[in-house]
Amino acid sequence: MTTTGKPILVLGGTGKTGRRVVAQLRARGFSARAASRNGETKFDWHDESTWDAALDGAGAVYMVDLVDEAVEWDPAVSVRSFCKKAVAAGVERLTLLQARTDEEAGGKSLTGSEDIVRASGLRWTILRPTWFTQNFDEGVLLDGILAGNLRLPAGDGLEPFVDCEDIAEVAVVSLTEEGHAGQVYELTGPELITFGQAVAEIARATGREIRYEAVTHEQYVDELVSFGTPREYAELLADLIGQIREGKNAYLSDGVQRALGRDPISFAQYAANAAANGAWRV
Ligand SMILES: NC(=O)c1ccc[n+]([C@@H]2O[C@H](COP(=O)([O-])OP(=O)(O)OC[C@H]3O[C@@H](n4cnc5c(N)ncnc54)[C@H](OP(=O)(O)O)[C@@H]3O)[C@@H](O)[C@H]2O)c1
């Protein structure tokens with residue numbers, strides 16, 4: 001239930017943030033629907049016939065869109081249509097996951113759903129995180145870590161990696177407590193670190209030898225493509241990593257502190273927790 005007593009629909013409910021939003025909501029006694037193509041509740045952004053049942057009776061929604069997936073995605077169509085259905089279904093609140101970058105990557109805006117949600121008539125909160133720490137154990141960086149050699153076009157750029165547990169907790173309070181409507185939370189970890197430092201921290205936490213190697217944009221794209229990644233998606237990732245190399249992400253934001261009244265989880269804490277949970281066991 002939300003504060004209105006209705007269930008909360010969590011899109012991307014099997015993903016890095018959505019799974020944690022579901023778990024944290026349930027731990028606090030709220031009813032949460034973990035929705036995605038393979039989730040407990042069936043929801044497919046590309047199949048509107050799945051939307052009504054997912055929305056039925058829901059009081060709030062956590063929204064993960066498809067902007068960083070290797071698929072066609074037009075928020076002006078999908079997000080607008082979804083928000084209309086949500087309003088009609090009686091949803092009151094919506095918390096949207098976007099990204100802190102204002103720059104395009106792979107020719108796409110990563111914040112293209114924001115204006116649509118703001119104009120939806122729903123009580124909205126927007127989360128703009130930086131790079132997730134969980135990319136290292138659940139995402140795009142995992143293979144390199146397991147291979148013991150993470151090759152990225154990040155140079156010595158600094159990034160304030162943020163833990164998805166923090167993102168999820170901000171989502172949960174925005175969906176269930178007062179005081180977060182109309183807020184845009186830029187979410188970062190507590191420190192700026194390089195990929196070299198991040199990898200060294202994981203090496204320390206796991207006791208394994210792992211190195212970081214800076215490569216060029218072109219080398220990275222070609223490598224991903226040779227492993228079967230669609231070129232467009234490889235370019236999007238390389239552009240995002242290029243923003244780090246160019247120093248564009250090298251500043252901290254205070255969204256976790258403002259929303260939760262505490263400091264964010266550090267990279268060292270993240271690495272220790274993930275290693276203790278067997279994240280990088282080979
Ligand atoms: N990774 C980062 O460092 C980072 C940083 C800042 C912002 N972001 C933003 O975070 C968002 C991604 O969130 P996330 O990392 O929580 O997700 P994620 O771990 O990448 O998981 C994607 C989720 O979307 C679901 N999904 C995929 N295709 C779908 C479809 N056609 N219809 C419905 N659901 C679908 C997946 O479940 P199924 O496969 O079961 O459908 C899964 O639950 C993007 O908007 C990205 O821009 C990411």
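Residues numbered from 1 in each chain as written. Predicted model: local features only at pLDDT ≥ 70, side-chain atom pairs only at ≥ 80, totals over all residues. Heavy atoms only, no water.

### Digging into the site of the ligand
Okay, so step 1: Around the ligand, the surrounding shell holds 27 residues, and the nearest of these are Thr14, Thr17, Ser36, Arg37 and Asn135.
Okay, so step 2: Separating an oxygen atom of the ligand from a side-chain N or O atom of threonine 14 is a distance of 2.7 Å.
Okay, so step 3: Within the contact set of the ligand, an oxygen atom lies 3.0 Å away from a backbone nitrogen or oxygen of glycine 15.
Okay, so step 4: Relative to its unbound accessible surface of 910 Å², the ligand loses 88% to contact with the protein.
Okay, so step 5: In a pocket analysis with a 2 Å cut-off to the grid points, the ligand is assigned to the largest pocket.
Okay, so step 6: A per-class count over the shell around the ligand returns ten nonpolar, eleven polar and six charged. (Near = heavy atom within 4 Å. Polar contact = N/O pair within 3.5 Å; in protein donor to acceptor, adjacent residues only side chain to side chain. Areas by Shrake-Rupley, 256 points an atom, 1.4 Å probe, with all protein chains shown as cover. 1 Å grid on protein atoms, 1.4 Å probe; cavity = no way out; pocket = protein on both sides within 12 Å on 5 of 7 lines; lining within 4 Å. Sits in = over half its atoms within 2 Å of the grid points. Nonpolar A, V, L, I, M, F, W, Y, C, P; charged D, E, K, R; others polar.)

### What about the pairing of strand β7 (residues 149-152)?
Okay, so step 1: Taking every second residue as pointing to the same face, the buried face of β7 carries Leu150 and Leu152, while none of Asn149 and Arg151 on the other face is buried.
Okay, so step 2: Pairing of β7 with strand β9 (residues 211-214) involves four bridges; the strand directions are parallel. Bridged to asparagine 149 within β9 is arginine 211. (Buried < 20%, exposed > 50% of the residue type's maximum accessible area, 1.4 Å probe, protein only. Helix = DSSP H or I, 4+ residues; strand = E, 2+ residues; numbered from the N terminus. Pairing = 2+ DSSP bridges.)

### Re the layout of surface pockets
Okay, so step 1: By volume, the largest pocket amounts to about 1,300 Å³.
Okay, so step 2: What lines the largest pocket is a set of 47 residues, and nearest its centre among them are Lys16, Val64, Asp68, Glu69 and Phe132.
Okay, so step 3: Taken together, the elements giving at least two residues each to the lining of the largest pocket come down to α1 (18-27), β2 (32-36) and α9 (231-245).
Okay, so step 4: Sorting elements by how many residues they give to the lining of the largest pocket places α9 first, with five residues.
Okay, so step 5: Counted as a void, the second largest pocket has a volume near 380 Å³.
Okay, so step 6: Lining the second largest pocket are 16 residues; nearest its centre among them are Val140, Asp143, Gly144, Leu224 and Phe227.
Okay, so step 7: Ranked by the residues each element gives to the lining of the second largest pocket, the list is headed by β7, at four residues.
Okay, so step 8: Here the lining of the second largest pocket is built from residues that sort into ten nonpolar, three polar and three charged. (Points joined across faces, edges and corners; volume = space filled by probe spheres on them.)

### Notes on the sheet that holds strand β4 (residues 60-64)
Okay, so step 1: Strand order in the open sheet made by the seven strands is β3-β2-β1-β4-β5-β6-β8, with parallel pairing throughout. Edge strands, defined here as strands with exactly one partner in the open sheet, are β3 (41-42) and β8 (184-187).
Okay, so step 2: The strands that α1 touches are β1 (8-11), β2 and β4; relative to β1, the one it contacts most, it runs at about 160°.
Okay, so step 3: Helix α6 (residues 164-176) contacts β1, β4, β5 (93-97), β6 (123-129) and β8 of the sheet and is inclined by roughly 160° relative to β5. (Contact = heavy atoms within 4.5 Å. Axes fitted to C-alpha atoms, helices over the stretch in contact; angles between N-to-C directions.)

### Notes on the pattern of salt bridges
Okay, so step 1: A full pass over the atoms with the stated rule returns 25 salt bridges.
Okay, so step 2: With a shortest N-O distance of 3.0 Å, arginine 20 and glutamate 165 are connected by a salt bridge. Taken together, the residues span a long stretch of sequence, with arginine 20 in helix α1 and glutamate 165 in helix α6 at a distance of 145 residues.
Okay, so step 3: The partner of arginine 28 in a salt bridge is glutamate 177, with the nearest N and O atoms 3.6 Å apart. Within this pair, whereas arginine 28 is found in the loop between α1 and β2, its partner glutamate 177 is found in the loop between α6 and β8, the two being separated by 149 residues in sequence.
Okay, so step 4: Residue glutamate 177 is classed as partly exposed on the basis of its relative accessible area, which comes to 37%.
Okay, so step 5: Through salt bridges with shared partners, a single ionic network connects Arg28, Asp166, Glu169, Glu177 and Arg262. (Salt bridge = Lys/Arg side-chain N within 4 Å of Asp/Glu carboxyl O.)

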